[in-house]
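Each chain, letter by letter, is given below.
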Amino acid sequence: MAAGDSGELAGRIAIVTGGATGIGRAITELFSEQGARVVIADIDGEHGEALAAELGERVCYRPTDVGDRADLDALFAFVDSQFGAVDVLVNNAAITGAFSARFLDDDMADFERVMQVNLAGLMYASQQAARRMRDRGGGSIVNLASIAALNPGYAIASYRAAKAGVINFTRSLAIDLGEYGIRVNAIAPGSIPTSMGRVSTEGLNEDQAAAMQAELDEAWLISQPIKRRGTPRDVAQAALFFAGERSAYVTGQVLAVDGGGSAGEAINRTALLARVRAKYFPGEGEEGA
Ligand SMILES: NC(=O)c1ccc[n+]([C@@H]2O[C@H](COP(=O)([O-])OP(=O)(O)OC[C@H]3O[C@@H](n4cnc5c(N)ncnc54)[C@H](O)[C@@H]3O)[C@@H](O)[C@H]2O)c1
């Protein structure tokens, strides 16, 4: 239920980059429910305008490419003129780049764009916000990293590298800015079904696409302790925690919101072995190891 003026973020000014769709949209919604004024900074004008109109006067949309410093300067100038402050910055906007399975096939221009949007843009926005927060006595910066930053893996190497950079940047900035009352934390989501989180089904017919999605869902659930897929709202709850007073004594941390999938590789192996055993010994209890 919406808490509005008595909410956890009542009276706060928040910028959510990439706040028009996906996880950013859920963050915009939750922050607005909790009383914040939210500026959606996104390149997607259609969804940004529509969401601002839907959520009412506390939310506005500002066209912004976070990979472009002039756009970020204009964004902060807008926030200065409209609100005179920024209390919370959520660096959520990111791209994966073209999906090539092998690094040998990656295009350098694509790599550069991923770094520009996911890392350099995030750093520049953080500096702009932090200067304003310092002058006001504090604030909170929340960065969207990824479990792909914690685990090396197959494909999208540039994205993984940029997100790993986000984690070290988060910790370094927390050390640098703590004395000004500015906290900096990161969230590492697991696979969340948004337009980024969905695997392309191009070239498959409807049945094939559905079958592949079902197998992928099953694989995720096998490999994580909590047996449901995560939602954008799950991630937004972590952003709310870092944005507000509940985390007043927390900085430089990375919180995985992944159904426990990163708790340890043994969980995957145990679950997979148990599954094989269950197939051949269906009556066996869990202690059958
Ligand atoms: N979905 C997942 O499975 C997942 C997993 C781990 C981490 N994440 C991270 O969570 C964040 C949100 O991901 P998502 O799944 O909602 O992605 P998404 O692609 O569904 O949405 C991203 C939003 O960012 C906007 N955007 C893209 N480039 C931009 C730019 N240059 N400037 C401003 N806005 C831009 C898009 O218009 C869109 O509204 C990202 O940082 C992503 O890396 C997502």
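Everything numeric here is computed off the predicted structure, so don't read it as measured data.

Undergrad: With reference to specific residues and values, describe the overall build of the protein chain.
TA: Each helix and strand counted, the protein chain has nine helices and seven strands in total. By the compact-globule yardstick of 19 Å for 289 residues, the protein chain fits well, its C-alpha radius of gyration being 20 Å. Over its C-alpha atoms, taken along the principal directions, the protein chain stretches across nearly 65 × 40 × 40 Å. The 289 residues of the protein chain split such that 43% are buried. In the protein chain, of all internal contacts separated by at least 6 residues, the share reaching a separation of at least 24 is 69%. Accessible surface for the protein chain amounts to roughly 15,000 Å². Of this, 53% is attributable to carbon and sulfur atoms. Of the side-chain charges in the protein chain, 26 are positive and 37 negative, and the distance between the mean point of each set is 5 Å.

Undergrad: With reference to specific residues and values, describe the site of the ligand.
TA: Taken together, 29 residues lie around the ligand, and Asp42, Asn92, Tyr159, Ile192 and Thr194 are the ones closest in. Between a nitrogen atom of the ligand and a main-chain N or O atom of threonine 64, the distance comes to 3.4 Å. Between the ligand and glycine 190 there is a distance of 3.4 Å, counted from an oxygen atom to a backbone nitrogen or oxygen. A total of 820 Å² of accessible area belongs to the ligand in isolation, and the protein chains cover 92% of it. For the shell around the ligand, the secondary structure elements donating two or more residues are helix H1 (22-33), helix H4 (108-136) and helix H6 (157-177). Grouping the amino acids of the shell around the ligand by side-chain chemistry returns 13 nonpolar, eleven polar and five charged.

Undergrad: So, unusual backbone geometry: which residues are in play, and what are the values?
TA: Leaving glycine out, the prevailing phi sign among residues is negative, and the prevailing peptide bond configuration is trans. Positive phi is not limited to glycine here, since isoleucine 156 has a value of about 40°. Note that isoleucine 156 resides in the loop between helix H5 (147-150) and H6. Residue classification places isoleucine 156 among the buried residues on the basis of a relative accessible area of 17%.

Undergrad: Please give an account of helix H2 (residues 45-55) that cites residues and values.
TA: Regarding H2, the residues found buried are Gly48, Leu51 and Ala52. Projected onto a plane normal to the axis of H2, the buried residues spread over an arc of 100° and lie on a single side. Every exposed residue of H2 that faces more than 90 degrees away from the buried side is listed here: Glu46, Ala53 and Glu54. Where the residues of H2 are buried, they touch H1, strand S2 (37-42) and strand S3 (59-63). Positive backbone phi, at 95°, marks glycine 56, one or two positions downstream of H2.

Undergrad: Describe the packing of aromatic side chains, with residues and values.
TA: Counting across every chain of the model gives one aromatic pair. Both rings, one in phenylalanine 241 and one in phenylalanine 242, keep their centres 5.4 Å apart while their planes meet at 50°; by these two values the pair is tilted. The class of phenylalanine 241 is partly exposed, set by a relative accessible area of 30%. Above the plane of the ring of tyrosine 124 lies arginine 69, whose end atom (NZ or CZ) is 5.2 Å from the centre.

What counts and what doesn't
- By convention here, each chain's residues receive numbers from 1 onward along its written sequence.
- Totals for whole chains, interfaces and linings use all residues, but because this is a predicted model, local features are given only for residues with pLDDT of at least 70 and pairs of side-chain atoms are given and counted only at 80 or more.
- Calculated side-chain values reflect all of the structure's heavy atoms, with hydrogen atoms and water omitted.
- Secondary structure counts use DSSP, requiring at least four H or I residues in a row for a helix and at least two E residues in a row for a strand, with both numbered from the N terminus.
- This radius of gyration counts C-alpha atoms alone. The globule rule is 2.2 Å times how many residues there are, raised to the power 0.38.
- Buried residues are those whose accessible area, probed at 1.4 Å on protein chains only, stays under 20% of the maximum for their type, while exposed residues exceed 50% and partly exposed ones sit between those limits.
- In what follows, residue pairs with any heavy atoms lying within 4.5 Å of each other are defined as contacts.
- Surface exposure here means Shrake-Rupley accessible area, sampled with a 1.4 Å probe, where a residue is shielded only by the protein chains that are shown.
- Working convention for charge: Lys and Arg count positive, Asp and Glu count negative, and His plus the chain ends are omitted.
- By convention, the charge on Lys lies at NZ, on Arg at CZ, on Asp at CG and on Glu at CD.
- Being near a molecule or strand, for a residue, means having at least one of its heavy atoms within 4 Å of it.
- Here a polar contact is taken to be a pair of N or O atoms separated by no more than 3.5 Å, where protein atoms must pair a possible hydrogen donor with a possible acceptor and residues adjacent in sequence count only if both atoms sit in side chains.
- Nonpolar residues are Ala, Val, Leu, Ile, Met, Phe, Trp, Tyr, Cys and Pro. Charged residues are Asp, Glu, Lys and Arg, and all others, Gly as well, are polar.
- Note that the arc is defined by the directions from the helix axis to the C-beta atoms.
- Here a Phe, Tyr or Trp ring, Trp counted by its six-membered ring, pairs with any other such ring whose centre lies within 6.5 Å, and the pair is stacked when the planes are under 30 degrees apart, edge-to-face when over 60, and tilted otherwise.
- When the NZ atom of lysine or the CZ atom of arginine is within 6 Å of a ring's centre and also within 35 degrees of its normal, the charge is said to sit over that ring.

By themselves these figures say nothing about function.
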